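Structure assessment
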Amino acid sequence: MDVINELIMQVVASPWLYLVLFGVTILDGFFPPVPSETVLVAAAAVAVSTGGADLLLLGVVAAIGAAIGDNIAFLIGRRVGTVRFSWMRRPRIVAVFASAQRALENRSAVLILGARYIPVGRVAVNMSAGALGFAWRRFLPLSLIGGLSWSAFSLAIGLLAGSWITGQPLLSAALGIAIALLVGLVIDRLVAARRRRVTAVQLAG
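Residues numbered from 1 in each chain as written. Predicted model: local features only at pLDDT ≥ 70, side-chain atom pairs only at ≥ 80, totals over all residues. Heavy atoms only, no water.

- As named in an unreviewed UniProt entry, the protein chain is VTT domain-containing protein, taken from Microbacterium croceum.
- Turning to the protein chain, the UniProt record has this under Sequence similarities (unreviewed entry): "Belongs to the DedA family." (UniProt positions renumbered as here; feature names shortened; annotations may be inferred.)

Below, the structure written as structure tokens:
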């Protein structure tokens, strides 16, 4: 345990932490399996527990990386479009894209900012925004705001975990990740419940 703790403290104190975090947050913007939340939360928790990394710099790096990743997803969607592949032209998929387009037109800020907190959701929403012709000049500021708010929220989770467990970076990182996963699960459930209500209303109408 002491060896592991020492390794974690060395990584947190190393300049490479910021580069790794930057790369991970960019990739996570268009490749969901990359766990940017867990990296940022763990780094923040360890920093608070041991007094290591600069929290402000962690937040800024994560926010910029997140915004870049979201814009890459947007550009991928713009390049691919909504009719490039045969499966995109199926009636059900066409209806999904039409619904997404209406949502982007009516509540684009809520949709894009809210999706930033859902790993797979943010990729789907941002790629759809690009594919459906959503204006990049409107998307860019929303992606910056989303990146900043997401970064601040993840840092808050890490700060909470690190303040509870001091002097044990591994335990504080694990607690922070557990809290982040729990919050993500709650958000997913709330989004799913809202989606079911909307579908029920549409079917009733």
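1. Focus: the packing of aromatic side chains
- This model, assessed by the stated rule, comprises 2 aromatic pairs.
- When the centroid spacing of 4.5 Å and the interplanar angle of 20° are considered together, the rings of F74 and F139 count as stacked. Here the residue F74 occupies a position in helix α4 (residues 55-80), and F139 occupies one in helix α7 (residues 136-164), the gap between them amounting to 65 residues.
- You can call F139 buried: its relative accessible area is 0%.
- If you follow R116 out to its NZ or CZ, it ends over the ring of W150, 4.8 Å from the centre. (Phe/Tyr/Trp six-rings, centres within 6.5 Å; stacked < 30°, edge-to-face > 60°. Helix = DSSP H or I, 4+ residues; strand = E, 2+ residues; numbered from the N terminus. Buried < 20%, exposed > 50% of the residue type's maximum accessible area, 1.4 Å probe, protein only. Lys NZ or Arg CZ within 6 Å of the ring centre and 35° of its normal.)

2. Re α4
- Here α4 spans 37 Å end to end across 26 residues, near enough to the 38 Å set by a 1.5 Å rise per residue.
- Between a side-chain oxygen at the N-terminus of α4 and the backbone nitrogen of L56 the separation is 3.0 Å; the capping residue is D54.
- Note on α4: the residue one or two positions beyond its end, G81, has a positive phi of about 75°. (Expected span 1.5 Å × (residues − 1). Polar contact = N/O pair within 3.5 Å; in protein donor to acceptor, adjacent residues only side chain to side chain.)

3. Regarding the side chain of S151
- Position of S151 relative to the elements: it lies in helix α7.
- Polar contacts involving the side chain of S151 include one to the main-chain carbonyl oxygen of G59, which spans 2.7 Å.
- With residues near it in sequence (within four places) discarded, S151 still touches L40, G59, A62 and A63. (Contact = heavy atoms within 4.5 Å.)

4. Focus on the environment of G130
- In this structure, G130 sits in helix α6 (residues 119-131).
- Sequence separation of G130 and G81 is 49 residues, and the distance between their C-alpha atoms is 7.5 Å.
- In this view, G130 contacts F74, G77 and R78; residues no more than four positions away in its chain are not counted.

5. Quick word on the pattern of salt bridges
- All chains considered together, the criterion is met by 2 salt bridges.
- Its salt-bridge partner being D28, residue R122 comes within 2.3 Å of it at the nearest N-O pair. Taken as a pair, R122 in helix α6 and D28 in helix α2 (residues 16-28) lie far apart in primary sequence, 94 residues in all. Of the two residues examined, R122 and D28, each falls in the buried class.
- Measuring nitrogen to oxygen at the nearest pair gives 2.9 Å for the salt bridge that ties D70 to R116. (Salt bridge = Lys/Arg side-chain N within 4 Å of Asp/Glu carboxyl O.)

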